[in-house]
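# Structural description and commentary
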Amino acid sequence: MIRKYVFGDPIETDAVTARIPAETKEFTEDHIRLVKDTEKAFAPAGGMGWIPEGLDAAAVAAFAQREASPAAVFTCELADDGRIYGLGENIRGINKRGWIYESNCSDVPNHTEEKRSLYGAHNFLIVDGAATPARRFGLFLDASQKVTFDCGYTDRRRLTITVGEGGFTLYILEGDSLSGIVREFRSIIGRSYIPPKWAFGYGQSRWGYKCADDVREVVREHRENGVPLDSVYLDIDYMERYKDFTVNEERFPDFPAFVKEMKEQHIHLVPIIDAGVKIEDGYPVYEEGVKNGYFCKNEDGDNFVGGVWPGRVHFPDMLNPEARKWFGGWYKVLLDAGIDGFWNDMNEPALFYAEKHLEEIAGEIRKFEKDKLNIGQVLTLQAQFMNLAARPEDYRTIRHNCGGKMIRHDYVHNLYGYNMTRAAGEAFARLSPEKRILLFSRASYIGMHRYGGIWMGDNQSWWSHILMNLQMLPSLNMCGFLYTGADLGGFGSDTTEDMMLRWLELGIFTPLMRNHSAIGTRRQEFYQFGDKESFRRIIGLRYALLPYLYSEFMKAALGGDMMFMPPAFVWPEDEMAAQVEDQLMVGESIMIAPVYRQNAEGRYVYLPETMKLYRMRGADDMDAEILPAGHHYVRAALNEVLIFVRADHLVPMAAPAEYVDGVDMTKLTLLHFLKKEAVYEMYDDDGESRGETLEGHLTEIRLTGDGAVRVNGPALLSCEMMSV
Ligand code: GLC
């Protein structure tokens, strides 16, 4: 059951694809109360960020700096044992209770506990244990403006949601289970993005690979050591002076030939595309954008100037469909060179400075010069520099052309990265109608999950960030983001060999499996460390598990399900399971429990039911034991991955290969925990065609009590039971 309420005149986000009639009665719910609304805030013009026409310059300037006030406040009381799930990409636990979160896409280099928002705005949550007649419900706030979710931060017994000024749409979802509510939500927001199969291979990335030879070295090291690899990412240095859709010809002479050379080694190059377009005469993206009026404006109607990696940039107006189509069309330059994957970055959009303020500071420096910059002045300047990035008052001066009307940026801020990625996704549907293209983004909003995945942004090489990676997975899945993963090994700070191994032991399960790090940090390709054999075996295990992982991903995408589920979703009657925040079900058959503490030689695990533990040191080196339900301390040496298989479930595995195309998905060995009979429906396809469907792609694998395997379906599989 879904009920939809429209407040005021919302900006269309296209998050929801299903046609749902809006309630016509006044808002009264058993679930959540509307405690405050202001008529002004819901008013269609003026109060919504549309710039009223006919204002004089002073009035426009005043309007630009007016702080948006809350449009509405909703609240609901929480029971003592009440839990809150969802909110997608965010810090802290799977249960979101006890902190305050803001939907306000932000470029945050430090994902520390006091943060309230990261790069995405994902306004879907489930309350499980409201102290209202409706104990459990889902809620989606389709709102392009800032929304605050006070999940028991101000008052532990209360959830309070504050929606910033402007219209919005509220959906209330009822279902008989947590996963049922998620399925219901997913059914109205459209199918999740599906990448090509090679994008489930291992990717090596680093901000700092500067030329073709740097990339060749990465590939050679992997191939020579037998460590699987499918992609190498090109960070901003492949471009000419950080200009989108250019390639630096000195560093990458004959780029198409280089792309081909890599393809021959089964390596896909994945370049980064940034949101800001460098201001430079003669650069066609800049010139076309200016000529056609495709860039965001400032309050005077000139193109807004911001500062990001390329220096002074204009931002393409991703909210304007024509500009979106134009920007998307530019990806063709790289597609034509043979590229088939992209990551979109800096699209919150990140704003290192607005030119206006830089000039102000320059003026201050000149003024202070005569005093030879005394200490007070130095501190003043330091504070001013620190405070230059992402200032709300600067964002407020940006204007978008939405259907011919100008709208202030803060009313649509959370839709910017979404629409950049949509620009690319829509372009790929036109330019590559047969073949899937890899695409993921940093900033996002629900709706973007149909066009691309996301990576979790600039984490750090901290042990706590392995756990954060794990905890974000189910929350993202709830919001439709299935193709996702974190920078394995950590982006900022220096990693260590044991951290890299432990992180990979989680990363082998995440759809996006990419090792990425920042310039200036310790290098973290596997060959920088001593124990190459363990890296080879663990990364190899990912490839061996591909038949299962790809199948589970595709079933979740096509069936609108989660691939990663917290134990609370699978064993709702088990109060203990609801407490477990560091173990996840991955698909239907297995539970994972990665080690995320330094020097730990094992960890505590809670099993809601009897399971079979496979302790794996690689695809062909493991031991197994059956563990009863309850608490266990389970050993896990640095080179061991723990996989818990549910009773009467199967995990099809292949032999590891050096790249995804080399994995023989027809010759399988089955991890199993057989009690009576186990059945697994395995999805497989050619890994690249669009128009994916479950029909015609599922093969049933049945393991009967006497150990016989029967296969029924389109795939011609040979299957054997794992002997352990
Ligand atoms: C941003 C991205 C990061 C990238 C860097 C340089 O910080 O999040 O992944 O390496 O920019 O492009």
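Residues numbered from 1 in each chain as written. Predicted model: local features only at pLDDT ≥ 70, side-chain atom pairs only at ≥ 80, totals over all residues. Heavy atoms only, no water.

## Some words on the overall build of the protein
Secondary structure summary: the protein contains 17 helices and 40 strands in total. In terms of overall dimensions, the protein is globule-like: its C-alpha atoms have a radius of gyration of 26 Å, near the 27 Å expected for 724 residues. Taken along the three principal axes of its C-alpha coordinates, the protein extends 85 × 65 × 55 Å. Partitioning the intrachain contacts of the protein with sequence separation of at least 6 by distance along the chain shows that 74% fall at a separation of at least 24. About 26,100 Å² of surface is accessible on the protein, with carbon and sulfur atoms providing 49% of the total. (Helix = DSSP H or I, 4+ residues; strand = E, 2+ residues; numbered from the N terminus. Rg over C-alpha atoms; globule rule 2.2 N^0.38 Å. Contact = heavy atoms within 4.5 Å. Areas by Shrake-Rupley, 256 points an atom, 1.4 Å probe, with all protein chains shown as cover.)

## Considering a nonpolar patch on the surface
There is a patch of nonpolar side chains on the surface, built from Leu373, Ile375, Val378 and Leu379 and spanning about 340 Å² of accessible area. Locating Val378 in the fold gives a position in helix H10 (residues 375-386). Judged by its relative accessible area of 35%, Val378 falls in the partly exposed class. (Patch = residues over 30% accessible without salt bridge, like charges linked within 9 Å, V, L, I, M, F, W, Y side chains within 5 Å. Salt bridge = Lys/Arg side-chain N within 4 Å of Asp/Glu carboxyl O. Buried < 20%, exposed > 50% of the residue type's maximum accessible area, 1.4 Å probe, protein only.)

## Looking at the pairing of strand E36 (residues 667-673)
Here E36 lies mainly inside the structure; five of its seven residues are buried. Sheet analysis places strand E35 (residues 649-653) next to E36, joined by five bridges and oriented antiparallel. Residue Pro652 lies in a different strand from E36, and its bridge partner there is Leu670. For E36 and strand E40 (residues 718-721), the ladder comprises four bridges, and the chain directions are parallel. Across the sheet, residue Thr669 finds its bridge partner in E40, namely Glu720. (Pairing = 2+ DSSP bridges.)

## Notes on the site of the ligand
For the ligand, the set of nearby residues contains 13 residues, the closest of which are Asp235, Asp345, Arg442, Asp458 and His516. Arg442 places a polar side-chain atom, nitrogen or oxygen, 2.9 Å from an oxygen atom of the ligand. Asp458 has a polar side-chain atom sitting 2.5 Å from an oxygen atom of the ligand. Relative to its free-state accessible area of 310 Å², the ligand is covered by the protein chains to the extent of 97%. Partitioned by chemical class, the residues of the shell around the ligand number eight nonpolar, one polar and four charged. (Near = heavy atom within 4 Å. Polar contact = N/O pair within 3.5 Å; in protein donor to acceptor, adjacent residues only side chain to side chain. Nonpolar A, V, L, I, M, F, W, Y, C, P; charged D, E, K, R; others polar.)

## Regarding the sheet that holds strand E29 (residues 590-592)
Judged by pairing direction, the sheet is antiparallel, and its six strands sit side by side in the order E27-E28-E29-E34-E31-E32 without closing on themselves. Two strands lie at the open edges of the sheet, namely strand E27 (564-565) and strand E32 (622-627), each paired on one side alone.

## Some words on the packing of aromatic side chains
The description of an aromatic ring pair rests on the distance of the ring centres and on the angle between the ring planes. Under the counting rule described, the total for this entry stands at 45 aromatic pairs. Measuring from centroid to centroid gives 5.4 Å for Phe342 and Phe428, while their planes differ by 20°, and the two rings are stacked. Residue Phe342 is found in strand E17 (residues 341-345), and its partner Phe428 is found in helix H12 (residues 416-431); the two are separated by 86 residues along the sequence. The class of Phe342 is buried, set by a relative accessible area of 0%. A relative accessible area of 2% places Phe428 in the buried class. The aromatic ring of Trp455 is capped on one face by Arg514, whose charged end is 5.3 Å from the ring centroid. (Phe/Tyr/Trp six-rings, centres within 6.5 Å; stacked < 30°, edge-to-face > 60°. Lys NZ or Arg CZ within 6 Å of the ring centre and 35° of its normal.)

## Things to note about the nonpolar core
Formed by 242 residues in total, the largest nonpolar core has its most connected members in Phe124, Phe255, Phe509 and Phe644. Setting aside anything within four residues of it in sequence, one finds Phe509 in contact with Arg542, Leu545, Leu549, Met563, Phe564, Val586, Ile590, Ile592, Val641 and Ile643. Grouped together as the second largest cluster of nonpolar side chains are five residues, Tyr353, Phe368, Leu381 and Leu388 included. (Core = buried A, V, L, I, M, F, W, Y, C linked by side-chain atoms within 4.5 Å.)

## Details of the layout of surface pockets
Space inside the largest pocket adds up to approximately 620 Å³. In this structure, the largest pocket is lined by 30 residues; those nearest its centre are Asn104, Lys146, Pro392, Arg396 and Asp410. Elements that contribute at least two residues to the lining of the largest pocket include exactly strand E8 (147-151), strand E9 (158-163) and helix H11 (392-395). For the lining of the largest pocket, a count of residues per class yields eleven nonpolar, eleven polar and eight charged. For the second largest pocket, the calculated volume is near 380 Å³. In terms of lining residues, the second largest pocket is bounded by 20 residues, among which Asp107, Trp309, Met346, Arg442 and Asp458 are the most central. (1 Å grid on protein atoms, 1.4 Å probe; cavity = no way out; pocket = protein on both sides within 12 Å on 5 of 7 lines; lining within 4 Å. Points joined across faces, edges and corners; volume = space filled by probe spheres on them.)

## Points about empty space enclosed by the protein
Across all of its chains, the model carries five cavities of 30 Å³ or more by this definition. What the largest cavity holds in volume is close to 60 Å³. Surrounding the largest cavity, Glu505, Phe509, Ile592, Ala593, Pro594, Val595, Ala636, Glu640, Val641 and Leu642 form its lining. Here the lining of the largest cavity is built from residues that sort into eight nonpolar, no polar and two charged. Computed from the structure, the second largest cavity encloses a volume of approximately 50 Å³. Looking at side-chain class alone, the lining of the second largest cavity contains six nonpolar, four polar and two charged residues.

## Considering unusual backbone geometry
Geometrically, the link from Glu348 to Pro349 is a cis peptide bond, its omega value of -5° lying close to zero. Summarising the element assignment, Pro349 is placed in the loop between E17 and strand E18 (353-354). The phi dihedral of Ala390 falls on the positive side, at around 45°, and the residue is not glycine.

## Description of the packing of helix H7 (residues 321-329) against H12
One can describe the packing of H7 onto H12 by two numbers: an axis separation of 8 Å at closest approach and a directional angle of 65°. The handedness of the crossing between H7 and H12 is right-handed. Across the interface between the two elements, Arg324, Lys325, Phe327, Gly328 and Gly329 of H7 pack against Asn419, Met420, Arg422, Ala423, Glu426, Ala427, Arg430 and Leu431 of H12. Each residue belonging to the contact of H7 with H12 can be placed in one class, and the counts come to five nonpolar, three polar and five charged. (Axes fitted to C-alpha atoms, helices over the stretch in contact; angles between N-to-C directions. Left-handed = near helix turned anticlockwise from the far one by under 90°.)

## Structural notes on the sheet that holds strand E26 (residues 513-515)
Strand order in this open sheet of nine strands is E24-E23-E21-E17-E13-E12-E11-E26-E25, and the pairing throughout is parallel. At either margin of the open sheet sits one strand with a lone partner, and together these are strand E24 (484-485) and strand E25 (487-488). Pairing of strand E11 (residues 202-204) with strand E12 (residues 231-234), which is carried by two bridges, proceeds in the parallel orientation. Paired with Gly203 across the strands is Ser231, a residue of E12. Along the sheet, helix H4 (residues 212-225) makes contact with E11, E12 and strand E13 (268-274), crossing E12 at roughly 160°.

## Here we look at H7
When we look at burial in H7, the residues that qualify are Ala323, Arg324, Trp326, Phe327 and Gly328. Check the buried side of H7 and you find it contacts E13, strand E14 (277-278), helix H6 (284-292), helix H8 (332-336) and H12. The opening residue of H7 is Asn320, an N-cap whose side-chain oxygen sits 3.0 Å from the backbone nitrogen of Glu322.

## Quick word on the environment of Arg603
Note that Arg603 resides in strand E30 (residues 602-607). A C-alpha to C-alpha distance of 30 Å links Arg603 and Leu229, two positions 374 residues apart in sequence. Contacts of Arg603, omitting those with residues within four sequence positions, involve Asp582, Gln583, Ala593, Pro594, Val595, Tyr596, His632, Tyr633, Val634 and Leu642.

## Some points on the state of the cysteines
This structure, assessed with the given rule, holds zero disulfides. Residue Cys76 stays outside any disulfide, its sulfur separated by 9.9 Å from that of Cys151, the closest cysteine. Residue Cys76 is classed as buried on the basis of its relative accessible area, which comes to 2%. (Disulfide = S-S within 2.5 Å.)

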